[in-house]
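# Tertiary structure, described
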Amino acid sequence: MHPSTNAHTYKRYQGYNMPRNQKDKYDNNGSSRRMHSYMSPEDLAAGKKSLWTEMEITGTIRNLSPNLFKLTNLTALYLKNNLLLRLPSDISTLTNLRSLDITNNKLRTLPAEIGDLINLRELLLSHNNLRMLPYEMGKLFNLMVLGLQGNPLNKDIMSIYTEPNGTSKLLTFMLDNLQVTTPAPPQRPWIPLTRPTRDHPTCLFTVMCYNVLCDKYATRQMYSYCPSWALSWDYRKKGIMDEIRHYAADIINLQEVEMDQFYNYFLPELKNEGYAGIYSPKSRAKTMAENERKYVDGCAIFYRVSKFTLIKEHLVEFNQLAMANADGLEHMLNRVMPKDNIGLAALLQTTEAAWENVPDNMTMPAQPVLVCTAHIHWDPEFCDVKLIQTMMLSSELRSILEESAHTLRVANENMNLDASSIQLVLSGDFNSLPESGVIEFLNRGQVSQDHKDFKDFSYKSCLEKISGCDKPNEFTHSFKLASAYSADIMPYTNYTFDFKGIIDYIFYSKQTMTPLGLLGPHNADWLRDSKIAGCPHPHIYSDHFPLLVELEMESTVGPPQQQQINGIISHR
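Residues numbered from 1 in each chain as written. Predicted model: local features only at pLDDT ≥ 70, side-chain atom pairs only at ≥ 80, totals over all residues. Heavy atoms only, no water.

Our working rule: UniProt positions are given in the numbering used here, feature names are shortened, and annotations may be inferred rather than shown by experiment.
As recorded in an unreviewed UniProt entry, the chain goes by the name poly(A)-specific ribonuclease, listed as coming from Nicrophorus vespilloides. Of the comments in the UniProt record for the chain, the one headed Sequence similarities (unreviewed entry) reads "Belongs to the CCR4/nocturin family."

And the structure:
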């Protein structure tokens, strides 16, 4: 979910994050009153409603009325040129404040609760009697203008503040030194959906999908609400690995894994836990020097060797597919081809130990399963690219299944096996909301050729070669897929300050797989009561939440009389 620069995801794209610079040394000690507009008697007589979001209180005020803190609609509060000795902790109720001016008062301290005003862009505290600042001010990650001149603050604080980009450095220093008092979140609940079958052999296995947020995207510019130490990869990777070990999925699909971290961290750590794995970085790695290539992120698939064996791995490179199918079409060459996202697939087979309810006199044939993970382009302005990448992925998976069925038939002549016998699990960070064309295509098996996500670009000639067109004016695929998660169970899989929504998914072959249970969301009360502005957080190690589902799989291979049709429509 990243461009080639350091911008990260859909939610960051929507965010407001202006740079801080030396202009933020704001000293507003003037005595001029603010200009106001008043409702005329005619407007008042006509019943015009007053809607105001700013308030100015000036004079010789020593104390603030508690009623002030009921005005939660305020976005600006001007208290300059008064005699205030303290700012009540109830200031924390004014969470919509963008501007707070307390210049030229008698303040000696600030309440820790000022750190709850996370929407503040401007905080003017000049010419008071402040000798220290609460570390909670480090939580004001949207702050761009900070006035501190004319206070007897200690030299350490002022030396940071007077540096170039001093406001940003001071806030970082304060956040990094703020003690974490937030309790660890409650365990995410396991949500049972149905009971497993007991009257015939089935294979039960769990699948995890997790975008781990690679190190180069985890910057203070993107996640300024998170302490630097909690953003560091050395800190986060341990928490991520603890999560993976705790949930102990049989198949683990990861996105945003840097090449160096796969080979030197994830693979050796998980090998000790009984897994084997495959990996590929994004396509750009091919053009980079060795010392740069190791920092390119990509996708990884791990599988528990006691339940699965690897037959073959497959890489799906969307830029190569776009180039091969462009036919000179400008939109394919200029919009789709430059994006180097990938899909990674592992053709697995079950082991004997993977099956349950097997009679003593029966041997289960190895069931082939194609496991695929993908990381689709991030930018919401390129919803056409997301949809086309997903359609290209679907087409490639169909080809992989047909090729795999041929290979397996040659190796197992006594089996009646075709592409419809190979089951499919597809998961990843699709950077697409549930109502998008991407998810409509995967869930319904079709999408209109004039879907709004194609924008005003004409891709029809290219996409007719890539995708099926079994219905008039529809692009189709032949998989029968269902999503393990729904919005009523998991309201968001990605949780940042600027964006909270569902963009990660696990799909499965719905005709031969049944979800038995899944991992529920983080506790909403904890997120609210702990005032979690976004993730990562010292207790949550990525901006994505891992998904986990337990699936029960029926066998679709064997002698002709035993064969069943799985999640792919058979065209025999």
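## Points about the overall build of the chain
Counted only if it meets this: Put simply, DSSP H or I for four residues or longer makes a helix, DSSP E for two residues or longer makes a strand, and each gets a number counted from the N terminus. Relative accessibility thresholds used throughout: buried, under 20% of the residue-type maximum; exposed, over 50%; partly exposed, between the two (1.4 Å probe, protein chains only). Only heavy atoms enter the contact rule, under which two residues are in contact if any of them lie within 4.5 Å. With residues, only the protein chains shown are counted as cover, and all accessible areas are computed by Shrake-Rupley using a 1.4 Å probe.
A tally of regular secondary structure across the chain gives 14 helices and 23 strands. Overall size of the chain, expressed as C-alpha extent along the three principal axes, is 95 × 50 × 50 Å. A burial count over the chain gives 56% of its 572 residues as buried. A separation of at least 24 residues holds for 70% of the contacts in the chain among residues at least 6 apart in sequence. If you sum the accessible surface of the chain, you get close to 24,900 Å²; carbon and sulfur atoms cover 50% of it.

## As for the sheet that holds strand 11 (residues 308–317)
Where strands meet in a sheet, backbone hydrogen bonds hold them as pairs that are either parallel or antiparallel. Definition in use: Here, strands pair whenever DSSP counts at least two bridges between them. An axis is simply a line fitted to the C-alpha atoms; with a helix, the fit covers only the stretch in contact. Between two such axes, the angle follows the N-to-C directions and lies from 0 to 180 degrees.
Ordered by their spatial adjacency, 6 strands build an open sheet running 11-12-14-15-21-18, and the pairing between neighbours is mixed. The open sheet has two free edges, formed respectively by strand 11 and strand 18 (481–483), since each of these has just one partner strand. Taken pair by pair, the neighbouring strands of this sheet meet at an average axis angle of 20 degrees, ignoring direction. In terms of strand pairing, strand 12 (residues 342–350) meets strand 14 (residues 368–375) through 7 bridges, oriented antiparallel. Residue pairing for strand 14: L347 is matched across the bridge by L370.

## A word on the sheet that holds strand 5 (residues 145–147)
Ordered in space as 1-2-3-4-5, the 5 strands form an open sheet in which the pairing is parallel. Here the strands that pair on one side only, and so sit at the sheet edges, are strand 1 (54–56) and strand 5. Strand-to-strand twist of the sheet, defined as the mean angle between neighbouring strand axes without regard to direction, takes the value 5 degrees. Relative to strand 3 (residues 99–101), strand 2 (residues 76–78) runs parallel, the two being bridged by 3 bridges. Among the inter-strand pairings, Y78 is bridged to a residue of strand 3, identified as D101.

## Thoughts on the environment of G239
In this fold, G239 is placed in helix 6 (residues 233–247). Separated by 301 residues in the primary sequence, G239 and I540 have C-alpha atoms spaced 7.9 Å apart.

## Some details on the pairing of strand 8 (residues 251–258)
Of all 8 residues in strand 8, 8 are buried, a share of seventy percent or more. Relative to strand 8, strand 7 (residues 202–211) runs parallel, the two being bridged by 5 bridges. Across the sheet, V207 pairs through a bridge with I251, a residue of strand 8. In this structure, strand 8 lies alongside strand 10 (residues 297–304), joined through 6 bridges in antiparallel fashion.

## As for the packing of helix 6 against helix 7 (residues 259–271)
Quick reminder of the rule: Each crossing gets its hand from how the near helix is turned against the far one by less than a right angle, where anticlockwise is left-handed and clockwise is right-handed. Under this grouping Gly is polar, as are all residues other than the nonpolar Ala, Val, Leu, Ile, Met, Phe, Trp, Tyr, Cys and Pro and the charged Asp, Glu, Lys and Arg.
Between helix 6 and helix 7, whose axes approach to 11 Å, the crossing angle comes to 35 degrees. Along this stretch, helix 6 crosses helix 7, giving a crossing that reads as right-handed. Each of W233, K237, K238, I240, M241, I244 and R245 in helix 6 lies in contact with helix 7, whose residues at this interface are Q261, Y265, F266, E269 and L270. Partitioned by chemical class, the residues of the contact of helix 6 with helix 7 number 7 nonpolar, 1 polar and 4 charged.

## A look at the side chain of H477
Test applied: Nitrogen and oxygen atoms within 3.5 Å of one another constitute a polar contact, given that in protein one can donate a hydrogen and the other can accept it, and given that sequence-neighbouring residues count only through two side-chain atoms.
Following the sequence through the fold, H477 ends up in the loop between strand 17 (474–476) and strand 18. Take H477: its relative accessible area is 10%, and that puts it in the buried class. In this structure the side chain of H477 is engaged in a polar contact, spanning 3.1 Å, whose partner is the backbone nitrogen of F479. The contact partners of H477, leaving out residues within four places of it in the chain, are S394, F441, L442 and G445.

## What about unusual backbone geometry?
Here the residue pair C535 and P536 is connected by a cis peptide bond, since its omega of 10 degrees sits within 30 degrees of zero. The phi angle at N104 is positive, at roughly 60 degrees, despite the residue not being glycine. With a phi angle near 60 degrees, H127 is a residue other than glycine that sits in the positive phi range. Taking the relative accessible area as the measure of exposure, H127 reaches 24% and is therefore partly exposed.

## Side note on the packing of aromatic side chains
Let me state the cut-off plainly: Ring geometry is summarised as follows: Phe, Tyr and Trp rings, the Trp one being its six-membered ring, pair when their centres sit within 6.5 Å, and such pairs are stacked at plane angles under 30 degrees, edge-to-face over 60 and tilted between the two. When the NZ atom of lysine or the CZ atom of arginine is within 6 Å of a ring's centre and also within 35 degrees of its normal, the charge is said to sit over that ring.
Inspection of every chain in the model, using the stated rule, returns 22 aromatic pairs. Seen from their ring centres, W233 and F266 are 6.2 Å apart, and the 50 degrees between their planes marks the pair as tilted. Within this pair, whereas W233 is found in helix 6, its partner F266 is found in helix 7, the two being separated by 33 residues in sequence. W233 sits in the buried class, given a relative accessible area of 8%. Assessed through its relative accessible area of 1%, F266 is described here as buried. One aromatic cluster is present, built from ring pairs that chain together F141, Y223, Y225 and F497. The side chain of K216 reaches across the aromatic face of Y217, ending 4.8 Å from its centre. The ring of Y265 is capped by K237, whose NZ or CZ atom sits 4.7 Å from the centre of that ring.

## Some details on the pattern of salt bridges
Between side chains of opposite charge, pairing is possible as soon as their charged atoms come close. Rules: Note on definitions: salt bridges are taken to be side-chain nitrogens of Lys or Arg within 4 Å of carboxyl oxygens of Asp or Glu.
Applying the stated rule across the entire model yields 23 salt bridges. Residues D116 and K531 are paired through a salt bridge, measuring 2.8 Å at the closest nitrogen-oxygen approach. Residue D116 is located in the loop between strand 3 and strand 4 (122–124), and its partner K531 is located in the loop between helix 14 (524–529) and strand 23 (547–553); the two are separated by 415 residues in the primary sequence. For D116, a relative accessible area of 16% puts it in the buried group. Counted as one network, the salt bridges with shared partners bring together D242, R245, E269 and E273.

## Focus on the nonpolar core
Applicable threshold: In this description, a nonpolar core means a group of buried Ala, Val, Leu, Ile, Met, Phe, Trp, Tyr and Cys residues linked to one another through side-chain atoms lying within 4.5 Å.
If you look at the biggest cluster of nonpolar residues, it comprises 64 residues, and the most contacted ones within it are F205, L254, F266 and F302. Per element, the largest residue contribution to this core is 6 residues, and it comes from strand 7. Look past the residues within four positions of L254 in its chain and what remains in contact with it is Y210, V212, I244, F266, G298, C299, A300, F302 and T373. Counting residues in hydrophobic clusters, the runner-up holds 50 residues, among them V316, F441, F454 and I466.

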